[in-house]
Amino acid sequence: MVLENSKRSLELRQQPVGVGTRKTYRAIYTIQDNTVYVLTVRRSSQDTLSAAELDDVLAELKQFRE
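In this convention, every chain numbers its residues from 1, walking through the sequence in written order. The model is predicted, so local features are restricted to residues of pLDDT at least 70 and side-chain atom pairs to those at 80 or more, both for listing and for counting; the totals for chains, interfaces and linings are taken over all residues. Excluding hydrogens and water, the side-chain figures rest on all heavy atoms present in the structure.

Let us look at the pattern of salt bridges. By definition, a salt bridge exists where a carboxyl oxygen of Asp or Glu is found within 4 Å of a side-chain nitrogen of Lys or Arg. Under the criterion given, the structure shown has 3 salt bridges. In this structure, the salt-bridge partner of Arg65 is Asp33, at a minimum N-O distance of 3.1 Å. Note that Arg65 is positioned in helix α1 (residues 51–65) and Asp33 in the loop between β2 (22–32) and β3 (35–43), a separation of 32 residues in sequence. Each residue is placed in one exposure class: buried if its accessible area under a 1.4 Å probe, protein chains only, is under 20% of its type's maximum, exposed if it is over 50%, and partly exposed if it falls in between. Looking at Arg65, the relative accessible area reads 41%, which means it is partly exposed. Notably, a salt bridge pairs Glu53 with Arg42, separated by 3.9 Å at the nearest N-O pair. Of this pair, Glu53 sits in helix α1 while Arg42 is found in strand β3, placing the two residues 11 residues apart along the sequence. Note on conventions: DSSP H or I runs of at least 4 residues are helices, E runs of at least 2 residues are strands, and numbering of each starts at the N terminus.

For the rest of this paragraph, the subject is the nonpolar core. Membership of the largest hydrophobic core is limited to 9 residues, which are Leu12, Ile28, Tyr37, Leu39, Leu49, Leu54, Val57, Leu58 and Leu61. Element by element, the count of residues in this core is highest for α1, at 4 residues. Nonpolar core, defined: a set of buried Ala, Val, Leu, Ile, Met, Phe, Trp, Tyr and Cys residues in which side-chain atoms within 4.5 Å join the residues together.

Over its 15 residues, α1 runs 21 Å from end to end, which matches the ideal 21 Å to within 8%, given 1.5 Å per residue. All of the buried residues in α1 are Leu54, Val57, Leu58 and Leu61. The arc that holds the buried residues of α1, viewed along the axis, is 95°, so those residues lie on one side. Relative to its buried face, α1 has exposed residues pointing more than 90 degrees away, namely Glu60 and Gln63. Multiplying one less than the number of residues by 1.5 Å gives the expected span of a helix. Each C-beta atom gives one direction from the helix axis, and the arc is the one those directions make.

Let's shift gears to the sheet that holds β2. Read across the open sheet, the 3 strands follow the order β1-β2-β3; overall the sheet is antiparallel. Of all the strands in the sheet, the pair left with one neighbour each is β1 (13–19) and β3. Going across the sheet, the axis of each strand differs from the next one's by a mean of 35°, ignoring polarity. Sheet topology note: the β1/β2 ladder contains 6 bridges and is antiparallel. In the sheet register, Val17 faces β2, and the bridge partner there is Tyr25. In the packing of α1 onto the sheet, the strands contacted are β2 and β3, and the crossing angle to β3 comes to about 150°. Strands are treated as partners if at least two bridges between them are detected by DSSP. To obtain an axis, a line is fitted to C-alpha atoms, over the contacting stretch when the element is a helix, and the angle between two such axes runs from 0 to 180 degrees between their N-to-C directions. A contact between two residues is defined here by any heavy atoms of the two lying within 4.5 Å.

Structural measurements only, silent on function.
This is how it looks when you write it as structure tokens:
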């Protein structure tokens, strides 16, 4: 789970990604109806998504699913 989970009822997950042993990014994603939707990929050093950023990402997901 990710810190952003507390901001929305949608279950968000994260997966550290990167080259070799240096996982310098985190992919934030959700799973709905057996489909994985990658919402964003951020550097590990970046702050958590703000409520406004999360709203934008979720709006794009909703538009994509329609």
